[in-house]
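# Structure at a glance
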Amino acid sequence: MLTEIPFLLKVLLFLCSSFLITYYLIPKIVWVAREKELVVKPDHRSSHHVVTPSFGGVAFFICFILCYSFLRSEYASISSMFLIPGVTVLFIVGLKDDLVISSALGKLFGQVIAVSILFLNPSFWQLSFHGFLGIHELPVYLSVPFIYLFMIGFINAYNLIDGIDGLASIIGVVILGSLGAMYLQIGMEYFFLVCMLLIGSLLAFTRFNFSRSIRRKIFMGDTGSLFIGFLIGFLALKMLAMSPTEVLRLGILPENLPALLLIILSIPIFDTLRIMVSRKLSGQKIFLPDRNHVHHILIDLGYTHFKTSLMLSVANISLIAFAYWLSIHFSWPYLLGFILLHCGIAYSTFHYLKSKVRPLPLKRKKRKGRMSFLQHLF
């Protein structure tokens, strides 16, 4: 029985098991995908030059079902039984899109169904902002549309950052690590272990996503990004369902929790909102695909996929650490001011960097990739 195992050993067991299962499955998935020619061909928006399978999410789903079954057997009192049906719906939606391109309306419909399944758990409705913006417990008529808007918005935001090697997986590890640390501090072992389970899978996937061997490389695909985005959104919202007493165990002012969660999730959310604002200001359709994402700008400036993913991940970690310190010592208006200031500076910076992007030969791009980020600014 897992309950008889020391907690630290239990953490290592789930982390290593999910890593090893995913690491074992991915080469098999890559082989099948190449044999059946189920690969992604580069287009004008791609940052890649070779055909690559995009079924990393298949390994995530299989690993999650196996490990989560053991976890649920030991924490039967936790009301989260509706996670499996929800992620299964999104897995099917993502798999269909990776096999044959789905319409945006079809994907949205699948996301709505997946989120709706979570509402079968009554505790999922009981959200509180703990005083942020002067709001405490949300009434049902506000919490339901807020949950739909947040979940569907974040699922698609996370899907959009899956445009270069390593970015979605490393940012996912940063977010899940932050949420996991908060759950551990509160004493909610179950949700902490769910975070560790997902981190193990993402770390194993990252190894193959960065592979230089064409025969081993794989993308996350919609199968993976929708799946991971859904679970991250769920774990973030569960934080808002905690009582003020539980939030106090984090060592922060309870009213700062929503803002802190926003900063933890800031990379996907900021990039999506920046894109929508930029397209609106330029008179374009806000859902029109382009190469204006933050990661595309850095790639076009000559940075490698690894450097771009690392830079954005380090920026995310730094913001989270500073925001956590602010959450301890200052009230929510200061934290909100920090968020708005950060968004303004980041938007202006990437708008300026976008203006410096020029079509360059491949060799020239490699040389420019050695320049520092500050050199691009000045």
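The structure this text deals with has already been given above.
A few points on the structure.

Conventions adopted
Residues numbered from 1 in each chain as written. Predicted model: local features only at pLDDT ≥ 70, side-chain atom pairs only at ≥ 80, totals over all residues. Heavy atoms only, no water. Helix = DSSP H or I, 4+ residues; strand = E, 2+ residues; numbered from the N terminus. Contact = heavy atoms within 4.5 Å. Polar contact = N/O pair within 3.5 Å; in protein donor to acceptor, adjacent residues only side chain to side chain. Patch = residues over 30% accessible without salt bridge, like charges linked within 9 Å, V, L, I, M, F, W, Y side chains within 5 Å. Areas by Shrake-Rupley, 256 points an atom, 1.4 Å probe, with all protein chains shown as cover. Salt bridge = Lys/Arg side-chain N within 4 Å of Asp/Glu carboxyl O. Expected span 1.5 Å × (residues − 1). Buried < 20%, exposed > 50% of the residue type's maximum accessible area, 1.4 Å probe, protein only.

### Side note on the environment of His136
Position of His136 relative to the elements: it lies in the loop between helix 4 (104–118) and helix 5 (140–160). Sequence spacing of His136 and Glu255 is 119 residues, and the spatial spacing of their C-alpha atoms is 8.6 Å. With sequence-adjacent residues up to four places away left out, His136 is seen in contact with Leu127, Ser128, Phe129, His130 and Gly131. Looking at His136, its side chain comes within polar contact range of the main-chain nitrogen of Gly131, at 3.5 Å.

### Describing a nonpolar patch on the surface
A cluster of nonpolar side chains, contributed by Phe322, Trp325, Phe330 and Tyr334, occupies part of the molecular surface with about 430 Å² of accessible area. Residue placement: Phe330 occurs in the loop between helix 13 (305–329) and helix 14 (332–355).

### Side note on helix 11 (residues 266–281)
Between its first and last C-alpha atoms helix 11 spans 22 Å; for 16 residues at 1.5 Å apiece the expected length is 22 Å, and the two agree. Among the residues of helix 11, those classed as buried are Ser266, Ile267, Pro268, Ile269, Phe270, Asp271, Thr272, Arg274, Ile275, Ser278 and Arg279. Where helix 11 is buried, its residues touch helix 5, helix 6 (167–186), helix 10 (257–264), helix 12 (294–300), helix 13 and helix 14. Backbone geometry just after helix 11 places Gly283 at a positive phi near 80 degrees.

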